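Inside the fold
Residue-level listing of the chains:
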Amino acid sequence: KYILENLNPEDGFNIIAFSTGLESYAKGLRPASEAAEAAAWVDGLSAEGSTDINRALLEAASSAESERPTYLIFLTDGLPTVGEVDSQKILNNLAQSAPENLRLFVFGVGYDVDTFLLDSLAQEHHGKSMYVIPGERLDEILSTFYASIRAPVMTDLELDFGGANVYDLYPNPLPDLFSGSQVVVAGRYRNPGVFEVQLSGLVEGRRQTFRYPEQVFSKGSEDSPVSTPLPRLWATRKIGYLLNQIRLRGADQETIDQIVRLSIRYGIVTPYTSYLVTEEQPLGAAEQSRIAGEQYSQMLAMPTAEVSGQAAVEKALGQSDLAQASAPADVAEEAAAAVRQVGARTYVYSQGIWIDTAFDPETMTPVQVPFLSEEYFSLVQSQPELAAGFALGPRVIAFSEGKAYEVTEADEDAAPIQLTPEATQDRAEPGATPTGALQTPGVDVEPTRAAQSSGGRPLACLGGLAPLLLIPLAIGFRRREK
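A brief report on the enclosed structure follows.

Here is what the cut-offs are and how they apply
- Residues numbered from 1 in each chain as written.
- Predicted model: local features only at pLDDT ≥ 70, side-chain atom pairs only at ≥ 80, totals over all residues.
- Heavy atoms only, no water.
- Salt bridge = Lys/Arg side-chain N within 4 Å of Asp/Glu carboxyl O.
- 1 Å grid on protein atoms, 1.4 Å probe; cavity = no way out; pocket = protein on both sides within 12 Å on 5 of 7 lines; lining within 4 Å.
- Points joined across faces, edges and corners; volume = space filled by probe spheres on them.
- Helix = DSSP H or I, 4+ residues; strand = E, 2+ residues; numbered from the N terminus.
- Nonpolar A, V, L, I, M, F, W, Y, C, P; charged D, E, K, R; others polar.
- Axes fitted to C-alpha atoms, helices over the stretch in contact; angles between N-to-C directions.
- Parallel < 35°, antiparallel > 145°, perpendicular 65-115°, else oblique.
- Contact = heavy atoms within 4.5 Å.
- Left-handed = near helix turned anticlockwise from the far one by under 90°.
- Buried < 20%, exposed > 50% of the residue type's maximum accessible area, 1.4 Å probe, protein only.
- Pairing = 2+ DSSP bridges.
- Phe/Tyr/Trp six-rings, centres within 6.5 Å; stacked < 30°, edge-to-face > 60°.
- Lys NZ or Arg CZ within 6 Å of the ring centre and 35° of its normal.

Remarks on the pattern of salt bridges
Throughout the structure, instances matching the rule amount to 13 salt bridges. Residue Arg68 is joined to Glu65 by a salt bridge in which the shortest nitrogen-to-oxygen separation is 3.3 Å. Several salt bridges converge on common partners, so that one network encompasses Arg103, Asp156 and Asp176.

Below, the structure written as structure tokens:
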């Protein structure tokens, strides 16, 4: 009823109630002017019968219009019990019937829902799955969601990064852009340099392209603020995506390997990577391969995971939160005493030493740096990334610009070092403005809270072993006068 009361004048709508059979308000889409009559029809509905999900989805898909985006909001509090009940066949049937412009947003209410089916439906039809657990108010959650999508300004988004050779983008495919909201895209690129970024999409049914020339794709992390959260945001989303792939499609060794490497490198504790705080550090490539192999073997030996019930819903919620994160995952509570995030890097405390998780003892020989020595202060002054790591304590193994450095016990014979005022200047300050900005004539761009927290610019670039990219798109469009 909230949605009916808040339709745009040019919207079309329909309502389909499904149980053992189907009951539709109308045949096809109706104009927003009929909202009051539809609200009265809703008042006459009651909960009864079984659950024919397959037929309800097919009926809704048949009402979609090809001329403009169609948003299908699907609510269910049960498993499919009549008609077609096989989840994979339901997915296949809708895939064959749904037009490309259909966006499917799924609400699973309670614990008696098929998380495999609901998450797969949303993933395959450019939407999102949400769960309403007992004790939460469905009306409040649904009305808040609808308020966020009621005014689409650009659909079918595509980003072209020129010659930067961008890959590993999340989310992928890109969702639609709605008025008052933003799309945050995190990814990696191989080619540093200055390139033109192009954003294209459908605006009022016409494809438009916005160009952002001379965007700086920096060489690596040394060119960016030490405090930037971009690498961990990208890793958080990728881990969430990979965990969802395992849950929906089953485990394979390559996916487990990726989760293990990312979890250790970026300090993101998952159900498969508690070893970040329980294993002896450091964990080099060989140890990571051993752990990943053990995890994969254990998963193969486990019974098939439940797709419904409280545990299944909570797992779906947790993994979706990672995949759609707007901020990097926090360090898990059980790891807080032993894990520290320093900018883009993760340190684990082991045997009295803070160790950068990028350090591999089997392939790297660290440069010895006596604590508080002249070399120590020289590195602190010249490499802000090392300075942040060294600040953890007197025993540290840090990694910067392809080299590992180990801070050892102070040289008792060394003369004390006096820092001049100049030595403390020109450091990268936390929250410093990242490189690059998206601006284009004729388009109102307003950095949102997420963009402001990373320096107030809509585009930021950061490297590591491979740089990363974050683009909050917060673009206001004005409707042209006819």
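Following the structure, the description resumes.
Some thoughts on the layout of surface pockets
Taken as a whole, the second largest pocket encloses approximately 1500 Å³ of empty space. Lining the second largest pocket are 42 residues, with Gly127, Lys128, Pro171, Pro175 and Gln324 sitting closest to its centre. Where the lining of the second largest pocket is concerned, the elements lending two or more residues are strand 6 (102-109), helix 5 (115-124), strand 7 (128-132), helix 6 (138-149), strand 9 (166-170), strand 11 (183-189), helix 7 (230-249) and helix 11 (310-323). For the lining of the second largest pocket, the class distribution of residues is 23 nonpolar, 14 polar and five charged.

Some details on the packing of helix 3 (residues 53-62) against helix 4 (residues 87-97)
At a minimum axis separation of 10 Å, helix 3 and helix 4 run at an interaxial angle of 10°. Here helix 4 runs roughly parallel to helix 3, going by the angle between their axes. For the pair formed by helix 3 and helix 4, the contact residues are Asn54, Leu57, Leu58 and Ala61 on the first element and Ile90, Asn93, Leu94 and Ser97 on the second. Across the contact of helix 3 with helix 4, the residue classes tally to five nonpolar, three polar and no charged.

Details of the packing of helix 8 (residues 253-266) against helix 10 (residues 285-301)
Where helix 8 contacts helix 10, the two axes come as close as 9 Å, and the packing angle between them is 130°. With respect to each other, helix 8 and helix 10 are oriented oblique. Between helix 8 and helix 10 lies a crossing of right-handed hand. Between helix 8, through Gln253, Ile256, Asp257, Val260, Arg261 and Ile264, and helix 10, the contact on the second element is made entirely by Gln288, Ala292, Gly293, Gln295, Tyr296 and Met299. Residue classes in the contact of helix 8 with helix 10 are distributed as six nonpolar, four polar and two charged.

Remarks on the pairing of strand 18 (residues 396-400)
Of all five residues that make up strand 18, five are buried, and the element is covered over most of its length. Both faces of strand 18 are covered, namely the face carrying Val396, Ala398 and Ser400 and the face carrying Ile397 and Phe399. Where strand 16 (residues 353-356) and strand 18 come together, two bridges link them in parallel fashion. Bridging across to strand 18, Ile355 finds its partner in Ile397. Judged from the five bridges that link them, strand 18 and strand 19 (residues 403-408) form a sheet pairing that is antiparallel. Across the sheet, Ser400 pairs through a bridge with Lys403, a residue of strand 19.

A short note on the packing of aromatic side chains
Within this structure, the stated rule accounts for 17 aromatic pairs. Geometrically, the ring pair formed by Phe371 and Tyr376 is edge-to-face, given 5.5 Å between the ring centres and 85° between the ring planes. Look at Tyr376 and Phe390: their rings are 5.1 Å apart centre to centre, the planes differ by 20°, and that puts the pair in the stacked class. With Tyr376 in helix 12 (residues 374-382) and Phe390 in helix 13 (residues 384-390), this pair connects stretches of sequence that are 14 residues apart. Grouping residues by exposure puts Tyr376 and Phe390 together as buried. By the ring-pair criterion, three or more aromatic residues cluster together here, those being Tyr71, Phe105, Phe107, Phe145 and Phe178. Across the ring face of Trp234, the terminal group of Arg188 is positioned such that the distance to the ring centre comes to 4.3 Å.

So, the sheet that holds strand 13 (residues 206-217)
Taken in spatial order, the four strands of this open sheet run 10-8-12-13, and their pairing is antiparallel. The sheet is open, and its two edges are formed by strand 10 (177-178) and strand 13, each paired on a single side. Looking at chain direction, strand 12 (residues 193-203) and strand 13 are connected through 10 bridges and run antiparallel. Among the inter-strand pairings, Val203 is bridged to a residue of strand 13, identified as Arg206.

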